[in-house]
Amino acid sequence: MNMIEDDLRAAFVRHEPLAPSTGALRAAIDRLAATRRRRRQRFQVAGVTLALLAALGVGVPQLRPDRPVEGSLLFGQPAGAQSGALNILLVGVDGFGEDPPSRLADSILLVHIPADRSRPYLISLPRDLEVSVPGRGNDKINTAFFDGAGQPRPDLDAGYDRTRQVVADLTGVRVDAGAVLTFAGLRRITEAVDGVEVCLPNEVRSSHSRRIFPAGCQRLDGAASVDLLRQRRYLPDGAFDRDRNAQRYVAGLIRRAVAQDVLSNPVRLTALLSAAGKGLTVDDDGLPLTRLLRVLPELKSVDPVGLSLPVGPPVGPPAGSAWRLRLDPKQGPAFLAALSEDRLAQWVAQHPEQVNAVR
């Protein structure tokens, strides 16, 4: 045994000079880690701004910087003018406090800003929609976030990246920017603006807290907002109604921010930027934030149009799985064609019954 060990040591000594240096590899790993840290910091700082300004674009005319932005604060790229339609992906994830959130996406919203800057469109993608998920085959769209986020502690960035890929493949449009907001972050943002007014067409009863949300407009604090947005069990249209309530909440949040002069007051905006904390991350790799800020004041109307992706009735579940939704064979492809060709205004005019009231 000692002879074998001696031979092995001698072999290692002879071949050690031939081994490549690990310095270059270590330097590359360090650079990657540093880039990741900077990316996360950038996400935290830019987060609420993108969520507020990108989602629906409401309140943009009130934003008037004292001086122009000379270049991108994030990448050193020229700000310039952004032409063409823009698409911003917003993903809502259930989660509480600082604990790891669920790895399933509860709300998936695509904000479409047309090239003519006429008005923004907020499109809800049902979480039970059957799509092609890389590595899983056909599955529900919310499992894309699950796959990307991983475990044991979900990675919001990676979950968003996978969801972004699936949404782009489904819709045929480029996703220019996006954000992930946990319910814990949403609660803190709501408290930061002293509550959000949400207008409900019908009474909602919470299956979690037994709270009753009456029909009509009401100011909700952070806990109540989270409670409302988690509801689907007792709603007539289940998850569809929850998606519509999410649209109503976003519209109310922006109205509240505008009423408090948040978007034009640097001090108030800075305070709101830090409200979400770890509950919000942003992807702006495709569209630097400063370019987005330049685009939004061009909107001719800040009134959002709430829409839902047309789907058919639930289909029978495979063994051991849950019910799923599939794209409506007639209206679905027509809707996606209108989206990819930037013709949503025409589609809405032809299908007014598909518009969701956000107030």
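Scroll up to find the structure this text is about.
Residues numbered from 1 in each chain as written. Predicted model: local features only at pLDDT ≥ 70, side-chain atom pairs only at ≥ 80, totals over all residues. Heavy atoms only, no water.

Engineer: What's the story with the pattern of salt bridges in this structure? I'm lost.
Structural biologist: Between side chains of opposite charge, pairing is possible as soon as their charged atoms come close. One pass over the structure, following the stated rule, counts 15 salt bridges. Between Asp-106 and Arg-242 there is a salt bridge, and its shortest N-O distance comes to 3.7 Å. Placement of the pair is Asp-106 in strand β2 (residues 105-113) and Arg-242 in helix α7 (residues 239-259), with a sequence separation of 136 residues. Ionic pairing is found between Arg-174 and Asp-176, a salt bridge with its closest N-O pair at 3.1 Å. Its relative accessible area of 51% is what places Arg-174 among the exposed residues. Linked through salt bridges whose partners overlap, the residues forming this network are Glu-130, Arg-136, Asp-139, Asp-147, Arg-324 and Arg-326. (Salt bridge = Lys/Arg side-chain N within 4 Å of Asp/Glu carboxyl O. Helix = DSSP H or I, 4+ residues; strand = E, 2+ residues; numbered from the N terminus. Buried < 20%, exposed > 50% of the residue type's maximum accessible area, 1.4 Å probe, protein only.)

Engineer: How should I be thinking about the environment of Leu-344 in this particular structure?
Structural biologist: Relative to the helices and strands, Leu-344 is located in helix α11 (residues 344-350). Each C-alpha atom, one on Leu-344 and one on Pro-114, is 8.2 Å from the other, the two residues being 230 residues apart in sequence. Those residues in contact with Leu-344 that lie beyond four places of it in its chain are His-112, Tyr-121, Ile-123, Phe-335, Ala-338 and Leu-339. (Contact = heavy atoms within 4.5 Å.)

Engineer: Just checking my understanding: could you explain the pairing of strand β5 (residues 137-140) for this structure?
Structural biologist: Side-chain direction in a regular strand flips from residue to residue, so the side chains alternate between the two faces of the sheet. Note that strand β4 (residues 130-133) and β5 share 4 bridges and pair antiparallel. Considered in β5, the bridge of Glu-130 is made with Lys-140. What sits between β4 and β5 in their antiparallel hairpin is a turn of 3 residues, with Gly-135 showing a positive phi close to 85 degrees. (Pairing = 2+ DSSP bridges.)

Engineer: Even after reading the chapter, I still don't get the packing of aromatic side chains, so can you show me in this structure?
Structural biologist: Think of a pair of aromatic rings as described by two things: how far the centres are apart, and how the planes are tilted against each other in angle. For the structure on display, the rule yields 1 aromatic pair. Here Phe-335 and Trp-347 contribute two aromatic rings whose centre-to-centre distance is 4.9 Å and whose plane-to-plane angle is 80 degrees, an arrangement assigned as edge-to-face. Remark: Trp-347 occurs in helix α11 and Phe-335 occurs in helix α10 (residues 331-340); sequence separation between them is 12 residues. Assessed through its relative accessible area of 0%, Phe-335 is described here as buried. (Phe/Tyr/Trp six-rings, centres within 6.5 Å; stacked < 30°, edge-to-face > 60°.)

Engineer: Could you clarify how one ought to interpret unusual backbone geometry in this entry?
Structural biologist: With glycine set apart, most residues show a phi of negative sign, and most peptide bonds adopt trans. For Arg-117, which is not a glycine, the phi torsion comes out positive at approximately 55 degrees. Relative to the assigned elements, Arg-117 resides in the loop between β2 and β3 (121-124). With a relative accessible area of 3%, Arg-117 lands in the buried category. Phi at Arg-210 is positive, roughly 65 degrees, even though this residue is not glycine. Note that Arg-210 resides in the loop between β8 (204-205) and β9 (212-213).

Engineer: Looking at this structure, how should I read the environment of Gln-247?
Structural biologist: If you trace the backbone, Gln-247 turns up in helix α7. Under the relative-accessibility criterion, Gln-247 is labelled buried at 1%. Here the alpha-carbon distance between Gln-247 and Ser-107, two residues 140 residues apart in the chain, equals 10.0 Å. Among residues more than four places away in sequence, those in contact with Gln-247 are Leu-122, Ser-124, Gly-306, Leu-307, Asn-356 and Val-358. A polar side-chain atom of Gln-247 sits 3.1 Å from the main-chain carbonyl oxygen of Leu-307. Within the local environment of Gln-247, its side chain forms a polar contact with the side chain of Asn-356, the two groups lying 3.5 Å apart. (Polar contact = N/O pair within 3.5 Å; in protein donor to acceptor, adjacent residues only side chain to side chain.)

Engineer: Just to check I follow, could you spell out the state of the cysteines for this structure?
Structural biologist: By definition, a disulfide is the covalent link that joins the sulfur atoms of two cysteine residues. Applying the stated criterion across every chain, the model contains 1 disulfide. Through a disulfide, Cys-199 is tied to Cys-217; the S-S separation comes to 2.0 Å. With the S-S bond torsion at 105 degrees, the cross-link from Cys-199 to Cys-217 turns out right-handed. Here Cys-199 is found in strand β7 (residues 196-200), whereas its partner Cys-217 is found in strand β10 (residues 216-220), with 18 residues between them in sequence. (Disulfide = S-S within 2.5 Å.)

Engineer: Just checking my understanding: could you explain α7 for this structure?
Structural biologist: Because the α-helix completes a turn every 3.6 residues, residues three or four places apart line up on one side. Along its 21 residues, α7 runs 30 Å from first to last C-alpha, staying within 8% of the 30 Å computed at 1.5 Å per residue. The element α7 is largely enclosed, with a buried count of 16 among its 21 residues. Backbone geometry just after α7 places Asp-261 at a positive phi near 60 degrees. (Expected span 1.5 Å × (residues − 1).)

Engineer: How should I be thinking about the packing of helix α5 (residues 183-192) against helix α6 (residues 222-229) in this particular structure?
Structural biologist: For the pair α5 and α6, interaxial distance at closest approach is 8 Å and the crossing angle is 135 degrees. Relative to α6, the element α5 is oriented oblique. Seen along the crossing, α5 lies across α6 with a hand that is right-handed. Counting all contacts with α5, which are made through Phe-183, Leu-186, Arg-187, Thr-190 and Glu-191, the residues of α6 involved are Gly-222, Ala-223, Ser-225, Val-226 and Leu-229. When grouped by side-chain class, the residues that make up the contact of α5 with α6 number 5 nonpolar, 3 polar and 2 charged. (Axes fitted to C-alpha atoms, helices over the stretch in contact; angles between N-to-C directions. Parallel < 35°, antiparallel > 145°, perpendicular 65-115°, else oblique. Left-handed = near helix turned anticlockwise from the far one by under 90°. Nonpolar A, V, L, I, M, F, W, Y, C, P; charged D, E, K, R; others polar.)

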